[in-house]
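What the coordinates show
For reference, the chains in residue letters:
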Amino acid sequence: MLDMADMFLVEAVDATDPFVRRVGWITRQERAFWKSTNIPDVVFFRSRNPGYHKGHGLVVLVPLTFTNLLQSAIRFLASLALTFGNSPTKEWAA
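Attention in this report is confined to the structure presented alongside it. (Residues numbered from 1 in each chain as written. Predicted model: local features only at pLDDT ≥ 70, side-chain atom pairs only at ≥ 80, totals over all residues. Heavy atoms only, no water.)

Summarising the sheet, strand E1 (residues 12–14) and strand E2 (residues 17–22) pair through two bridges and their orientation is antiparallel. Among the inter-strand pairings, Ala12 is bridged to a residue of E2, identified as Arg21. The hairpin formed by E1 and E2 contains two residues between the paired strands. One ladder, built from three bridges, connects E2 with strand E3 (residues 56–58); its direction is antiparallel. Considered in E3, the bridge of Arg21 is made with Gly57. (Pairing = 2+ DSSP bridges. Helix = DSSP H or I, 4+ residues; strand = E, 2+ residues; numbered from the N terminus.)

All right, on to the packing of aromatic side chains then. Two aromatic rings, taken as a pair, are described by how far apart their centres are and by the angle between their planes. With the rule as written, the count across this model stands at two aromatic pairs. Geometrically, the ring pair formed by Phe33 and Trp34 is edge-to-face, given 5.0 Å between the ring centres and 70° between the ring planes. With a centroid separation of 6.2 Å and an interplanar angle of 55°, the aromatic rings of Phe45 and Tyr52 are classed as tilted. Accessibility expressed as a relative area gives 29% for Phe45, which makes it partly exposed. (Phe/Tyr/Trp six-rings, centres within 6.5 Å; stacked < 30°, edge-to-face > 60°. Buried < 20%, exposed > 50% of the residue type's maximum accessible area, 1.4 Å probe, protein only.)

Time to look at the sheet that holds E2. The strand order E1-E2-E3 describes an open sheet built from three strands, whose pairing is antiparallel. On the outer flanks of this sheet lie E1 and E3, each paired with one strand and no other. Within the sheet, the average angular offset between the axes of one strand and its neighbour, ignoring direction, is 55°. (Axes fitted to C-alpha atoms, helices over the stretch in contact; angles between N-to-C directions.)

All quantities given are derived from atomic positions and should not be read as evidence of function.
Okay, structure coming up:
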């Protein structure tokens, strides 16, 4: 699994945990939300990657299956619909 993580050519933050990498991007949501929520997935992420607010990322590998691709496509399209549906100018529909 580490070999697959190394294929992204992103530097590890610390050699003791090679799955936390310097990705350089920072979440757009407020840090206060991430620190205060008790959502189990977020709690796990915070515990494994406490430097997320510094641009650190946790390597996550998921199986590439038809079902996973389909679910991802549906989520992506739904997020686009919500984003453009809330646009005051609706330029995308012109």
